[in-house]
Amino acid sequence: MIINKREIAGLLENLAKEYRVYAPVEKDGNVLLEVIEEGAEAALGAATKKPAKEILFPQSEELFSYQLSDEGLRMEDKIDKTKTVAFGIRPCDAKSMILLDNVFHNDQYEDVYYTTRRKNTIIVSLGCSEPESTCFCTSVGGGPFNTDGSDVLLIDLGEKYLAEAVTDQGKEFLSKLNLPEAGEEEKAEAEGIKKQAQATSEVDITGLKEKLDGMFEHPYWDRLHEKCLGCAACTYLCPTCHCFDIADEAKDKNGCRVRNWDSCMFPLFTLHGSGHNPRPSGKERWRQRLMHKFKYFVERYNATACVGCGRCIKNCPVNLDIRQVLAEIKAQDTGSEVS
Amino acid sequence: MNNNNPYVPIPMRLVKNFTETEDKLIHTFTLEFVNKEDEEKFKYLPGQFAEVMVYGKGEAPFGIASAPNEPGILKFSVAKVGVVSTALHLLEEGSIVGVRGPLGNWYPLEDLKGKDIVIIGGGFAFTTLRSTIQYLLDPARRGDYGELTVIYGARNPGLLLYKDEIKEWEKRDDINMITTIDRPVEGWEGRTGFVPAVTKEVAPSAENSACIICGPPVMIKFTQPVLEELGFTPEQIIMSLEMRMKCGLGMCGRCNIGSKFVCKDGPVFTLAELKKLPNEY
């Protein structure tokens with residue numbers, strides 16, 4: 001299918017009649033994922049400041065509200081069933097949703113807030129013709145045109161997009177849009193673009209998990225965290241980080257329970273009521289962040305919890321670069337491995 | 001409301017807010033199910049925990065101190081430490097609280113049938129141990145197990161939990177109940193001495209036996225070598241861990257030790273299992 005770029009605004013406006021449509025929008029100098037309303041102009045092609053996980057797992061959300069009265073207690077949960085389209089997100093962000101699925105629907109429990117949104121959301125991702133200098137998706141099993149997690153993949157052909165259905169849901173979605181079929185020439189052009197595409201930077205993570213297996217007590221962690229400010233931008237802006245806090249907000253007899261993004265980079269995150277803290281300093285917290293992404297997540301869900309989007313690199317106030325850290329880890333002598 | 005939403009608590013009524021210790025810092029809360037169907041769904045085993053919610057204040061995880069053979073109620077013994085526990089302590093009897101659970105795994109009592117059971121506890125970490133004792137002493141179950149030895153220590157007599165029940169257990173011949181306090185106190189006729197030393201004196205046999213141990217880190221640290229000396233292998237030593245928790249469902253990310261979540265894969269681990277995990281708890 002072909003979508004002419006000139007027709008994008010009209011298309012999104014039409015979609016917005018049936019769906020809640022999220023698309024990248026320029027706002028106050030940032031590109032953010034926003035709900036498209038009449039007249040809003042999508043900034044397709046740009047990477048969003050925040051990852052697309054916020055569509056399924058908002059930075060702050062109300063889980064349920066409650067009301068205490070003489071008759072007892074009334075509760076109402078706030079499960080969001082709105083039909084949604086995420087239009088023009090990056091393939092790395094789409095891929096992250098597959099990783100998050102493991103967490104929010106594990107072998108025992110289902111997070112109905114996440115899974116309900118997930119079931120009702122169509123992911124239309126836009127392949128990256130020009131990856132940024134901080135991108136390293138190809139090193140972590142992704143790619144600028146990777147289709148993992150997408151229902152539809154758009155490929156930029158200059159004046160137009162070629163839209164490819166990835167899933168049956170995507171096929172059905174595209175068929176409703178009455179778009180012209182792509183010609184052979186356009187298809188060939190898209191294939192050519194896909195073949196050429198590669199992230200701009202690389203880091204070799206083969207054998208990294210095995211390396212980390214023997215590194216819990218390694219002195220490498222002693223210094224790594226020294227320049228880290230503990231601001232947690234890396235985790236908030238990470239498409240695969242999923243840690244959250246739960247808190248109650250109440251006034252008189254009315255209250256609600258909210259969940260907010262949280263971060264393993266904060267000391268309070270693991271502080272016990274007794275005052276004991278199993279991760280008392282930046283050393284343990286950095287080790288946790290790295291180990292979680294490249295070892296624990298692999299052990300638990302058989303996947304690396306990094307999609308190479310580069311947001312943690314781009315937004316770190318002290319220029320800590322995870323690519324460099326991974327390369328350094330690989331170069332450490334753990335004294336136990338057989339080469 | 002979605003009935004399968006694991007974040008939503010069930011309502012329970014606080015029927016007893018009992019000051020358990022002399023220092024008044026630990027209260028035992030007896031909660032009654034408000035809805036019959038909630039009680040039917042709340043199937044638990046000793047060692048599991050639940051999130052207890054005070055409306056408007058939030059929720060916090062506590063080990064369940066009651067046992068499955070005490071129908072109609074749940075009990076929690078809670079130290080006054082933070083926002084939720086303080087609010088609980090101040091709650092009037094008759095109030096409604098929320099409970100979410102049961103969460104976590106349990107002591108593997110099913111696998112321990114036919115064995116002697118040694119229970120070692122210290123301080124106020126005796127809650128799920130009480131549940132275990134209550135469960136094992138059930139006349140329908142007691143015959144499935146061999147000798148039951150309990151060693152329980154506190155700093156002084158006033159800090160022992162469940163004093164009345166302990167007195168009853170001391171009179172029975174199907175449980176060897178040993179209580180100890182750190183130093184002699186006037187009026188105390190029981191043993192004195194720290195738990196590790198008392199364990200050495202009592203010297204329960206490791207043969208065809210398992211030991212469930214819960215207590216402050218320092219007690220565990222010094223009791224472990226005693227147990228090893230007595231011949232207990234790491235597979236025979238069963239422990240319960242505590243961590244800061246929020247969801248209790250293995251999602252919120254803060255209670256992990258390596259790739260294991262204390263909330264979901266624990267809180268009960270054998271020492272053998274713990275030895276395979278990083279030392280970060």
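Conventions adopted
Residues numbered from 1 in each chain as written. Chains lettered and ligands numbered in written order. Predicted model: local features only at pLDDT ≥ 70, side-chain atom pairs only at ≥ 80, totals over all residues. Helix = DSSP H or I, 4+ residues; strand = E, 2+ residues; numbered from the N terminus. Buried ≥ 20, exposed ≤ 12 C-beta atoms within 10 Å, placed from the backbone. Contact = placed C-beta atoms within 7 Å. Rg over C-alpha atoms; globule rule 2.2 N^0.38 Å. Core = buried A, V, L, I, M, F, W, Y, C linked by C-beta atoms within 7 Å. Domains from an automatic or database assignment. Nonpolar A, V, L, I, M, F, W, Y, C, P; charged D, E, K, R; others polar. Axes fitted to C-alpha atoms, helices over the stretch in contact; angles between N-to-C directions. Parallel < 35°, antiparallel > 145°, perpendicular 65-115°, else oblique. Left-handed = near helix turned anticlockwise from the far one by under 90°. pLDDT = per-residue confidence, 0-100. Pairing = 2+ DSSP bridges.

Student: When you look at the overall build of chain A in this model, what are you seeing that I'm missing?
Tutor: Along the backbone of chain A there are 12 helices and 11 strands. Of all 339 residues assigned to chain A, the portion counted as buried reaches 41%. A fraction of 70% describes how many contacts in chain A between residues 6 or more apart in sequence connect residues 24 or more apart.

Student: I would appreciate a short explanation of the overall build of chain B in the present structure.
Tutor: Helix and strand counts for chain B come out as 8 helices and 15 strands. A globule of 281 residues ought to have a C-alpha radius of gyration of about 19 Å, and chain B, at 18 Å, matches this closely. Each principal axis of the C-alpha distribution contributes one length, and for chain B these read about 55 × 45 × 35 Å. Expressed as a percentage of the 281 residues in chain B, the buried residues total 50%. Taking contacts inside chain B between residues at least 6 apart in sequence as the whole, the part at least 24 apart equals 71%.

Student: So what exactly am I meant to see when it comes to the nonpolar core here?
Tutor: Nonpolar side chains tend toward joint burial in soluble globular proteins. V21(A), A86(A), F87(A), V52(B), V150(B), C211(B) and I212(B) are the most contacted members of the largest nonpolar core, which totals 166 residues. Looking at this core element by element, the count peaks at 7 residues for helix α3 (residues 91-104) of chain A. The contacts of A86(A), once residues within four sequence positions are left out, are Y22(A), A52(A), I55(A), T121(A), I123(A) and V124(A).

Student: Quick question: what am I supposed to make of the domain arrangement of chain B here?
Tutor: For an interface, size is often stated in terms of accessible area lost upon the parts coming together. Residues and elements named next belong to chain B. When its domains are assigned, chain B resolves into domain 1 (10-102) and domain 2 (109-240). Placing the centre of domain 1 and that of domain 2 at their C-alpha centroids yields a distance of 24 Å. Facing the 17 residues of domain 1 at the interface are 14 residues of domain 2.

Student: In this structure, what is going on with the interface of chain A and chain B? I would like to understand it.
Tutor: Each partner contributes to the interface: chain A provides 40 residues, whereas chain B provides 32 residues. Those elements giving two or more residues to the side of chain A that touches chain B turn out to be β4 (60-69), β5 (72-77), α3, β10 (244-251) and α10 (282-301) of chain A. Counting residues per element, the side of chain A that touches chain B draws most heavily on β10(A), at 6 residues. Class assignment of the residues belonging to the side of chain A that touches chain B gives a composition of 22 nonpolar, 9 polar and 9 charged.

Student: Would you explain the packing of helix α6 (residues 195-202) of chain B against helix α7 (residues 217-229) of chain B in this entry?
Tutor: Two quantities define a packed helix pair, namely the angle between the axes and the distance from one axis to the other. Residues and elements named next belong to chain B. Taken N-terminus to C-terminus, the directions of α6 and α7 make an angle of 20°; their axes are 8 Å apart at the nearest point. Classified by the interaxial angle, the pair formed by α6 and α7 is roughly parallel. α7 is crossed by α6, and the crossing has right-handed handedness. On the side of α6, the interface is formed by V195, P196, T199 and K200, while α7 contributes M219, F222, T223 and V226. Class assignment for the residues of the contact of α6 with α7 results in 5 nonpolar, 2 polar and 1 charged.

Student: For this particular structure, what's the right way to read helix α3 (residues 127-136) of chain B?
Tutor: At 3.6 residues per turn, the α-helix brings residues three or four places apart onto the same side. A large share of α3(B) lies buried, amounting to 10 of its 10 residues. Every buried residue of α3(B) is listed here: T127(B), T128(B), L129(B), R130(B), S131(B), T132(B), I133(B), Q134(B), Y135(B) and L136(B).

Student: It is not clear to me how the confidence of the model for chain B should be interpreted in this structure. Could you clarify?
Tutor: Low-pLDDT portions of the prediction should not be read for the details of their coordinates. Residues with a pLDDT of 70 or more make up 99% of chain B, whose mean pLDDT is 95. The ipTM for the predicted assembly is 0.92, set against a pTM of 0.94.

Student: For this particular structure, what's the right way to read the environment of T121(A)?
Tutor: Residues and elements named next belong to chain A. With respect to the helices, strands and loops of the structure, T121 is situated in strand β7 (residues 121-126). Between the C-alpha atoms of T121 and Q169, which are 48 residues apart in sequence, the distance is 9.9 Å. Beyond its immediate chain neighbours, meaning those up to four positions away, T121 contacts I55, L56, T84 and A86.

Student: Quick question: what am I supposed to make of the domain arrangement of chain A here?
Tutor: Residue and element names in this part refer to chain A. Looking at the assigned domains, one finds that chain A contains domain 1 (2-55 + 77-196) and domain 2 (208-331). For domain 1 versus domain 2, the separation of C-alpha centres amounts to 27 Å. If you look at the interface, domain 1 gives 22 residues, while domain 2 gives 18 residues. If you tally residues by element for the side of domain 1 that touches domain 2, the top one is α3, at 8 residues. Of the residues in the side of domain 1 that touches domain 2, the class split is 10 nonpolar, 6 polar and 6 charged.

Student: Where do I start with the pairing of strand β2 (residues 26-33) of chain B in this structure?
Tutor: Each regular strand shows side chains that alternate between the opposite faces of the sheet. All names here are of chain B. The element β2 is largely enclosed, with a buried count of 7 among its 8 residues. Taken together, the 7 bridges between strand β1 (residues 10-19) and β2 define a ladder with antiparallel strand orientation. Paired with M12 across the bridge in β2 is F33. Linking β1 to β2, which pair antiparallel, is a turn of 6 residues; within it K24 sits at a positive phi near 65°. Strand direction decides the pairing type here: β2 and strand β5 (residues 73-79), joined by 7 bridges, are antiparallel. Counted as the bridge partner of L31 is L74 from β5.

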